[in-house]
Amino acid sequence: MAEVAEELELEAAATEDAARDAADAADAEGAGDLPLLIGSRLSLDLYPGGCHRLLHLLAQPSAQLLEVQFLRLSGHEDPQLLETTLAQVACSLRHLRSLVLRGGQRRDVLGACVRGSLTTLPAGLSGLTRLAHLDLSFNSLETLPGCIPQMRGLSALLLSYNLLSELPEALGALPALSFLSATHNCLRTLPTALGALSTLQRLDLSENLLDALPPEIGDLSSLTELNLASNRLQSLPSSLGGLRSLRLLVLHSNLLTSVPTGLAHLPLLTRLDLRDNQLRDVSPELLDAPFVRLRGNPLGEALPALPSPPGTPVIPEMPRLFLNSDSDSFPVTPQGCSVTLACGVRLQFPAGATATPVSIRYRLWLPEPRLVPLGPHDTLLSRVLELQPHGVAFQQEVGLWLLFVPPRARRCREVVVRTLNGDGWSDLETHLEGEGPKRLWAHCQVPHFSWFLVVSRPVSNACLVPPEGTLLYSSGNPGVKVTFPPGATEEPRQVYMQNGPPNFLQPVTVQLPLPPGVTGLSLDRSRLHLLYRAPPEAVWGDITAQVALELTHVYARFQVTHFSWYWLWYTAKTCAQGLARRAWERLRLHRVSLIALQRRRDPQQVLLQCLPLSKVDATLRRLLERYRGPEPSDTVEMFEGEKFFAAFEGGIDVDADRPDCVQGRVCFVFYSHLKNLKEVYVTTTLDRRAQAVRGQVSFYRGAVPEEVPEEAEAARHQKGTDSPWMATLPIKLPRLRGPKAPGQGTSLSLAPLNLGDVETGFLTQSNLLSVARRLGPDWPAVALHLGMPYRELQRIRHEFRDDLDGQICHMLFSWAERQSGQPGAVGRLVQALEQSDRLDIAEEVRAVLELGRRKYEDSIRRTSLASLSPSASQSPESAQA
């Protein structure tokens, strides 16, 4: 029954594109409403006046109209007109199996979906005895219409994004109901009769206000999926352990302090999501189960303090927000709130942080040198988080928690949050909080919003220097000391060992340990060199003759008037500066390998990655299940934040128009603690039916040069100290066999493909692959919204069983091939993504299209044809790339 409900739900939505085309034809030809009736499906939700059109059709009903089984109407119609129309539907369309009355087709000035005006349904709809699918999402229902519990054949009921505060007990009288969705409502309680729905298989009650569940929920013997995420649940009934058919249980973003032990013994359970709760103790069975997700719980932490004595003022609970991946903003009121972003970042706004409500926006940026200020020995540990509005000062500091993977080498190093303020970049006082050996939180307090990132840096020791003088030690090496004499400063000043004031009033004494194996009694003073470096210069100078070195048995002391870089060397070389420069570079270099792998099911999909040597073996073991390719490159040395690029050669080209691709070269920036991974789709102009194409990908240092030589691989023969070439790895596109065209059957290799046109922007194979990688389990909904029949989805599931990536790629590319030459294909894809609630991917596609349009406008201007292009009439600001 659940499969029938899903088919009705999605097939009813899948005719939207065909209905739009028919409506366009009707408007163009003046043919009235008849073209909107396609087979047994009638879609009247795409344009205003759908109710008037339906009443006009029902006034002179045809035999085809009376056999309609699928009907779509907009929830944005006039309420009285909509009620009149539905009453007529109940009398005339007795064969109706699916009725969709969704709102949300309109958007406000901020781009948010606007609820429909539907607040109830006429009682006569209960007479639709064949109705199995009812969708009332994105409307203004405050109570469930009384006719719904009387629809005895209903198998799928969608009530998401309404204003429901409760569900009636009569809902338990639906004997065939297998799918119920009431997400994003205001539900505070559930009816006990819910347990009487013996056929219910999928129940979604996420994003509500539930604080408890009735014990009767354990009577849902057929339930396979239960989603209760983002509620206020503090406990769960033990009867949940009786849901023997349950496969998926989602409970993240609640207030749970414990869970029933019976959940560990459910025989079919494959996923239990308990993230972001208040769990401090979990049974060993759940703790060790591979299908349980527990991130974001204070496991093992001490219990909170006991309740306050009677008479203590009660402090209202701070609201908690958990944002989905499609949300990039949230409101903050003077009451304060605790916010968890989809990327794992946490924010805590104390009460009174803002005097008036403020809308906060956030965005995660890929790191690049322009956004990542690093010192010579700094290491980036996170992506760049931007919080807006910039510069707005809070009345109380806001808590910020950034998640990162801790570095292995932590001796003499510390982790800090770096931010941009009006005077430049600065490091905030940071505290680390553990979530396990592989994940930590960097916690800091911020007075205003800007850009934030997590950095590992050498330990920075500090002290307050009074006019009387003091002593500063290095925590990394106690033998390093700085002595401030009386009068070094006129007033107390905070001094950092790595960053002091421009000058001191009196010389300060610096003590450094002598090099290992050398003592002050036996060394040759002619071999001892004190080197000095003043940033930003990278040159080390020998200042031994300019200072008075005082030697003890194990230390050397000298005096300076300002802080900078000082390095003590003991060498037989007459010129230590050049040796120090090379050693300085070696200290900052990372030893890495470059890999290039091709997906086993689609060799045109190539994975490129730059990995530190310590991570190569583990990464390859994980990737080689889905990819194949040559051995990693020889060892290469790279600086943190160094730019490099990959160039495909030997007849292979990158089939992409993406921001990180310049003249067919894929650009990278190396950060040792990030993935440094990109997947691209490659193509070739050579005939693969005659023979396989054997090419290669070469990696070069630096940014892509303005003049890229045709034979860039010539640099491979010039390996040396100044050569930009780093490595070359083979790429092979196998010969195409058989009469099938590329992309048909089980092969996912496609001929060159472009959706769109030059003026509206293109989507290439690489862009579609990016969409495919993020779709996940939502791909069937997107496919049906694209107009693909349900039988084809079943065939794809069977053909690529146990291969989710194969299912997604085959669906998307087979649809794309059929759109060749058809206008509006990209728009239909964006709309299908939005209708499937994947607004995040839809926005990404729009960004790619905008990039293509800008490049097209630039090319028009360069060829002096701007006056001939309609898009050239835009303002210079809108056309600027």
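Reading the values: the criteria
Residues numbered from 1 in each chain as written. Predicted model: local features only at pLDDT ≥ 70, side-chain atom pairs only at ≥ 80, totals over all residues. Heavy atoms only, no water. Helix = DSSP H or I, 4+ residues; strand = E, 2+ residues; numbered from the N terminus. Buried < 20%, exposed > 50% of the residue type's maximum accessible area, 1.4 Å probe, protein only. Pairing = 2+ DSSP bridges. Phe/Tyr/Trp six-rings, centres within 6.5 Å; stacked < 30°, edge-to-face > 60°. Axes fitted to C-alpha atoms, helices over the stretch in contact; angles between N-to-C directions. Left-handed = near helix turned anticlockwise from the far one by under 90°. Contact = heavy atoms within 4.5 Å. Nonpolar A, V, L, I, M, F, W, Y, C, P; charged D, E, K, R; others polar. Parallel < 35°, antiparallel > 145°, perpendicular 65-115°, else oblique. Expected span 1.5 Å × (residues − 1). Polar contact = N/O pair within 3.5 Å; in protein donor to acceptor, adjacent residues only side chain to side chain. Arc of directions from axis to C-beta. Salt bridge = Lys/Arg side-chain N within 4 Å of Asp/Glu carboxyl O. pLDDT = per-residue confidence, 0-100. Core = buried A, V, L, I, M, F, W, Y, C linked by side-chain atoms within 4.5 Å.

Trainee: Requested: an account of the environment of Leu294, with residues and values cited.
Mentor: As for its placement among the helices and strands, Leu294 is situated in the loop between strand S12 (292–293) and strand S13 (320–322). For Leu294, a relative accessible area of 15% corresponds to the buried category. For the pair Leu294 and Arg275, spaced 19 residues apart in sequence, the C-alpha separation works out to 4.7 Å.

Trainee: Provide a residue-level description of the pairing of strand S45 (residues 693–701), including the pertinent values.
Mentor: Within S45, seven of the nine residues are buried, which leaves the element mostly enclosed by the surrounding structure. Strand direction decides the pairing type here: strand S40 (residues 643–649) and S45, joined by six bridges, are antiparallel. Residue pairing in the sheet places Ala646 in a bridge with Phe699 of S45. Of the pairings in the sheet, the one linking S45 to strand S46 (residues 725–733) comprises eight bridges and is antiparallel in character.

Trainee: Could you give an account of the packing of aromatic side chains, naming the residues involved and the relevant values?
Mentor: Here the structure, examined in full by the defined rule, presents 13 aromatic pairs. Each ring, one from Phe349 and one from Phe394, has its centre 5.9 Å from the other, and the planes form 70°; the classification is edge-to-face. In this pair, Phe349 is assigned in strand S16 (residues 346–349) and Phe394 in the loop between strand S19 (384–388) and strand S20 (398–404), connecting sequence segments 45 residues apart. For Phe349, a relative accessible area of 0% corresponds to the buried category. Looking at Phe394, the relative accessible area reads 12%, which means it is buried. Their ring planes at 75° and their centres at 6.0 Å tell us that Phe349 and Phe449 sit as a pair that is edge-to-face. On the criterion of sequence distance, the pair formed by Phe349 in strand S16 and Phe449 in the loop between strand S24 (440–446) and strand S25 (451–458) is long-range, its members being 100 residues apart.

Trainee: Help me get a handle on the packing of helix H3 (residues 50–59) against helix H5 (residues 79–92), residues and values and all.
Mentor: Relative orientation of the contacting elements H3 and H5 amounts to 35°, with a least axis distance of 10 Å. The handedness of the crossing between H3 and H5 comes out as left-handed. Here Cys51, His52, Leu54, Leu55 and Leu58 of H3 come into contact with H5, specifically with Leu81, Leu82, Thr85, Gln88, Val89 and Ser92. For the contact of H3 with H5, the class distribution of residues is seven nonpolar, four polar and no charged.

Trainee: Any chance you could break down the packing of helix H11 (residues 790–799) against helix H12 (residues 804–818) for me, citing the residues and the numbers?
Mentor: With their axes 9 Å apart at the nearest point, H11 and H12 run at an angle of 135° to one another. When the axes of H11 and H12 are compared, the pair comes out oblique. Note on packing geometry: the crossing formed by H11 with H12 is right-handed. Of the residues in H12, those in contact with Glu792, Arg795, Ile796 and Arg797 of H11 are Gln807, His810, Met811, Ser814 and Arg818. Per-class residue counts for the contact of H11 with H12 are two nonpolar, three polar and four charged.

Trainee: Explain the sheet that holds S20 to me, using residue names and the numbers behind them.
Mentor: Paired through backbone hydrogen bonds, the strands of a sheet run either parallel or antiparallel to each other. Overall, mixed pairing links the six strands, which are arranged S13-S15-S16-S20-S24-S23 in an open sheet. Since the sheet does not close on itself, it has two edges, and those belong to S13 and strand S23 (431–434), each with one partner. Neighbour-to-neighbour, the strand axes of this sheet turn through a mean angle of 20°, independent of strand direction. Inspection of the sheet shows S20 paired to S24 by seven bridges, in the antiparallel sense. Its bridge partner lying in S24, Phe404 is registered against Leu440.

Trainee: Break down H12 for me, citing the residues and quoting the values.
Mentor: Helix length check: H12, at 15 residues, gives a terminal C-alpha distance of 22 Å against a target of 21 Å (1.5 Å per residue), a fit within 8%. The element H12 is largely enclosed, with a buried count of 11 among its 15 residues.

Trainee: Any chance you could break down unusual backbone geometry for me, citing the residues and the numbers?
Mentor: Cis rather than trans, the peptide bond between Gln388 and Pro389 has omega equal to 5°. Here Pro389 is to be found in the loop between S19 and S20. The phi angle at Asn676 is positive, at roughly 50°, despite the residue not being glycine. Structurally, Asn676 can be placed in the loop between strand S43 (665–669) and strand S44 (677–684).

Trainee: So, the side chain of His252: which residues are in play, and what are the values?
Mentor: As for its placement among the helices and strands, His252 is situated in the loop between strand S10 (248–250) and strand S11 (271–273). One polar contact links His252 to Ser253, side chain to side chain, over a distance of 2.8 Å. Other than its neighbours up to four places away in sequence, His252 contacts Ala229, Ser230, Asp273, Leu274, Arg275 and Asn277.

Trainee: Account for H11, naming residues and giving values.
Mentor: Those residues of H11 that sit buried are Tyr790, Glu792, Leu793 and Ile796. All buried residues of H11 lie within an arc of 155° about the axis, which places them on one face of the element. Looking at H11, the residues exposed on the side facing more than 90 degrees away from the buried face are Arg791 and His798.

Trainee: Account for the pattern of salt bridges, naming residues and giving values.
Mentor: Evaluation of the coordinates by the stated rule reveals 14 salt bridges. One salt bridge connects Arg271 with Asp273, and the closest N-O pair in it is separated by 3.4 Å. Exposure remark for Arg271: the relative accessible area of 30% places this residue in the partly exposed category. Ionic pairing is found between Asp273 and Arg275, a salt bridge with its closest N-O pair at 2.8 Å. Asp273 gets classed as buried once you look at its relative accessible area, which sits at 1%. Among the ionic contacts, a cluster of salt bridges with common partners joins Asp378, Glu414, Arg418, Asp427 and Arg457.

Trainee: Please set out the confidence of the model for the protein chain residue by residue, giving values where relevant.
Mentor: Per-residue confidence for the protein chain averages 79 on the pLDDT scale, and 80% of its residues sit at or above 70. Per-residue pLDDT stays below 50 along residues 864–881; that stretch engages in 20 contacts with residues further than four places along the chain or on separate chains.

Trainee: Got a sec to walk through the environment of Ile360? Specific residues and values, please.
Mentor: Inspection of the secondary structure assignment puts Ile360 in strand S17 (residues 358–365). For Ile360, a relative accessible area of 1% translates into the label buried. Through-space distance from the C-alpha of Ile360 to that of Gln388 is 5.8 Å; in sequence the pair is 28 residues apart. With sequence-adjacent residues up to four places away left out, Ile360 is seen in contact with Asp328, Ser329, Phe330, Val332, Phe349, Gln388, Pro389 and Phe449.

Trainee: Lay out the pairing of strand S36 (residues 589–599) in plain terms, naming residues and giving numbers.
Mentor: Of all 11 residues that make up S36, eight are buried, and the element is covered over most of its length. Where S36 meets strand S39 (residues 636–639), four bridges bridge the pair, whose relative direction is antiparallel. Directly across from Val592, in S39, lies its bridge partner Val636. Where S36 and strand S37 (residues 605–612) come together, seven bridges link them in antiparallel fashion. The residue of S37 that forms the bridge with Ser593 is Leu611.

Trainee: Pulling in residues and values, what's your account of the nonpolar core?
Mentor: In this structure, Leu71, Leu121, Leu134, Leu159, Leu226 and Leu272 are the most contacted members of the largest nonpolar core, which totals 77 residues. Every element with two or more residues in this core is listed here: strand S2 (41–44), H3, strand S3 (70–73) and H5. Among the elements that make up this core, the one with the highest residue count is H5 (five residues). Filtering out sequence-adjacent residues up to four positions away, Leu71 remains in contact with Leu42, Leu44, Leu54, Val89, Leu93, Leu96, Ser98, Leu99 and Val100. Core analysis: the next-biggest nonpolar cluster, separate from the first, contains 36 residues, Leu793, Ala825, Leu829 and Val845 among them.

Trainee: Report on the sheet that holds strand S34 (residues 555–560), specifying residues and quantitative values.
Mentor: Read from one edge of the open sheet, five strands run S27-S28-S30-S34-S33, paired in antiparallel fashion. Since the sheet does not close on itself, it has two edges, and those belong to strand S27 (470–473) and strand S33 (550–551), each with one partner. Both strand S30 (residues 508–513) and S34 contribute to a ladder of six bridges, which runs antiparallel. What sits directly across from Val508, in S34, is Val560.

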